[in-house]
Amino acid sequence: MEFHILTLFPEMIEQGLNTSIIGKAIEKECISLNTYNIRDYTTNKHKKVDDYTYGGGAGMLMQAQPVYDAYLAVKNSMPETFKPRVIYLCPQGVPFCQNLARELSKEESLVLICGHYEGIDERVLEEIVTDYVSLGDYVLTGGELAAMVVVDAVSRLVPGVLNNEDSAVTESFHNHLLEYPQYSRPEEWRGKKVPEVLMSGNHKKIEEWRFHQSLERTKHFRPDLYEKYLKEHKK
Ligand code: ADE
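Residues numbered from 1 in each chain as written. Predicted model: local features only at pLDDT ≥ 70, side-chain atom pairs only at ≥ 80, totals over all residues. Heavy atoms only, no water.

Caption draft 1: Molecular detail of the domain arrangement of the protein chain. According to the domain assignment, the protein chain consists of domain 1 (2–155) and domain 2 (171–232). Between domain 1 and domain 2, the C-alpha centre-to-centre distance is 36 Å. (Domains from an automatic or database assignment.)

Printed below as a string of C-alpha cells:
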C-alpha cells in the first residue's frame, strides 16, 4: 500500500509515522510513505501558497494552483490509467470509522491532502478529491494529524503490518461492539484481582464473559453503537 501525502509540513508526517509499528511496516516495505511539500509546487516567486478569500471573512485560503500541481506530480508517477482515491481531510467530511479504514486498506494507493488556514480553494477540490473525510466534530489547525490517524488505522489492516493477524479481527468495532477488558501479570495488583473466569482455562466461559463485557461496555460508553448492534443482531 502506497500513501502519498500532500502537505505544507512533511516533516510532521514523517516524524510522526516513522516509529513503532508503522515505522517497521515502512522498513518491511508493507507500506510506503511519500510526502510532497505543497510549497515546492507554487509558481509564486515568494513561495506563497495562500491568499485572501473572495467575499471576505477571517483568515487565508490555500490556493488551487500549488495543490493541483502537487497532485499532478503524484498522479504522473502512477500508470496513466490508474485513478487513485484522493482523500481531503476536513471537518466537513464523512466521519472516519473502522469500516472506512477497512475499505481503504484494500486500495493499492491513497493520496491524502492536508489543508491549512481556512481550507483550500473549492475549485481544486472539485477537480481532484474523491473522498472528504473528517476525524470528528472539532476543528484542528491542519489536516496533518488527521492524515496520520488515517494512515495508522489503514496500515494496521494491511497484511503483514501486524504480527498477530488475529488482533485486527477481535478488536473494538468488530460487530459494532467495543473490546472487552484485558489483564496481564500479576494476578493481583493494589488489591485488585484478575477476574476469576480468565484463570479458569474454560475457553467457552471466557468467551461468554468477554462477550458480556463487550455488550455492557458498549451499552455504557456508546449507546449509539449498541443500538446498531441490536438492530443487526435481533432480526
Ligand atoms: N482538519 C481540520 N479539522 C479536521 C477534522 N476534524 N478532521 C479532519 N481534518 C481536519
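Caption draft 2: Layout of the nonpolar core. Ranked by internal contacts, the top residues of the largest apolar core, which has 30 residues, are Phe 3, Phe 96, Leu 112 and Val 154. Among the elements that take part in this core, helix α6 (residues 144–155) stands out by supplying 7 residues, more than any other. Setting aside anything within four residues of it in sequence, one finds Phe 3 in contact with Ile 31, Ser 32, Leu 33, Asn 34, Leu 110, Leu 112, Val 151, Val 154 and Ser 155. Leu 8, Ile 120, Leu 125 and Val 129 belong to the second largest nonpolar core, which has 21 residues in total. (Core = buried A, V, L, I, M, F, W, Y, C linked by side-chain atoms within 4.5 Å. Buried < 20%, exposed > 50% of the residue type's maximum accessible area, 1.4 Å probe, protein only. Helix = DSSP H or I, 4+ residues; strand = E, 2+ residues; numbered from the N terminus. Contact = heavy atoms within 4.5 Å.)

Caption draft 3: Geometry of the site of the ligand. Looking at the ligand, the residues that line it are Leu 89, Cys 90, Pro 91, Val 133, Ser 134, Leu 135, Gly 136, Tyr 138, Val 139, Leu 140, Gly 142 and Ala 146. One of the backbone N or O atoms of Cys 90 is found 3.2 Å from a nitrogen atom in the ligand. Contacts to the ligand include Leu 140, whose backbone N or O atom sits 3.0 Å from a nitrogen atom. Relative to its unbound accessible area of 260 Å², the ligand is 95% covered by the protein chains. Of all elements in the fold, only β5 (85–95) and β7 (131–134) reach the threshold of two or more residues within the shell around the ligand. Ranked by residue count, the leading element in the shell around the ligand is β5, at 3 residues. (Near = heavy atom within 4 Å. Polar contact = N/O pair within 3.5 Å; in protein donor to acceptor, adjacent residues only side chain to side chain. Areas by Shrake-Rupley, 256 points an atom, 1.4 Å probe, with all protein chains shown as cover.)

Caption draft 4: Looking closely at the side chain of His 176. Its location among the elements puts His 176 in the loop between α6 and β8 (188–189). Taking the relative accessible area as the measure of exposure, His 176 reaches 15% and is therefore buried. A distance of 3.2 Å separates the side chain of His 176 from the side chain of Glu 232, its partner in a polar contact. Look past the residues within four positions of His 176 in its chain and what remains in contact with it is Thr 218, Leu 225, Lys 228, Tyr 229 and Glu 232.

Caption draft 5: Structural detail: the packing of helix α7 (residues 203–221) against helix α8 (residues 223–233). The N-to-C vectors of α7 and α8 enclose an angle of 125°; their axes lie 5 Å apart at closest approach. Looking at the two axes, α7 sits oblique to α8. Of the residues in α8, those in contact with Phe 211, Leu 215, Thr 218, Lys 219, His 220 and Phe 221 of α7 are Pro 223, Leu 225, Tyr 226 and Tyr 229. Of the residues assigned to the contact of α7 with α8, the class counts are 7 nonpolar, 2 polar and 1 charged. (Axes fitted to C-alpha atoms, helices over the stretch in contact; angles between N-to-C directions. Parallel < 35°, antiparallel > 145°, perpendicular 65-115°, else oblique. Nonpolar A, V, L, I, M, F, W, Y, C, P; charged D, E, K, R; others polar.)

Caption draft 6: Up close: the environment of Asn 163. By the secondary structure assignment, Asn 163 is in the loop between α6 and β8. Separated by 63 residues in the primary sequence, Asn 163 and Leu 100 have C-alpha atoms spaced 22 Å apart.

Caption draft 7: Looking closely at the sheet that holds strand β6 (residues 109–114). If you walk across this open sheet you meet the 5 strands as β2-β1-β6-β5-β7, and the pairing is parallel. With partners counted over all chains shown, the strands left at the sheet margins are β2 (32–37) and β7, one partner each. Pairs of neighbouring strands in the sheet enclose a mean axial angle of 30°, with direction left out of account. Here strand β1 (residues 2–7) pairs with β6 via 5 bridges, running parallel. Paired with Ile 5 across the two strands is Leu 112, which belongs to β6. (Pairing = 2+ DSSP bridges.)

Caption draft 8: Molecular detail of the side chain of Asn 37. Among the secondary structure elements, Asn 37 is positioned in strand β2. At 2.9 Å, the side chain of Asn 37 and the backbone nitrogen of Arg 39 are in polar contact. For Asn 37, the residues in contact, after removing those within four places along its chain, are Thr 7, Leu 8 and Pro 10.

Caption draft 9: Representation of the packing of aromatic side chains within the structure. In this structure the tally under the stated criterion is 3 aromatic pairs. Centroid distance Tyr 88 to Tyr 132: 6.2 Å. Interplanar angle 85°. Geometry classified as edge-to-face. Note that Tyr 88 is positioned in strand β5 and Tyr 132 in strand β7, a separation of 44 residues in sequence. Under the relative-accessibility criterion, Tyr 88 is labelled buried at 6%. A relative accessible area of 29% places Tyr 132 in the partly exposed class. With a centroid separation of 6.5 Å and an interplanar angle of 65°, the aromatic rings of Phe 211 and Tyr 229 are classed as edge-to-face. Note that Phe 211 is positioned in helix α7 and Tyr 229 in helix α8, a separation of 18 residues in sequence. Just above the ring of Trp 189 sits the side chain of Arg 190; from NZ or CZ to the centre is 5.5 Å. (Phe/Tyr/Trp six-rings, centres within 6.5 Å; stacked < 30°, edge-to-face > 60°. Lys NZ or Arg CZ within 6 Å of the ring centre and 35° of its normal.)

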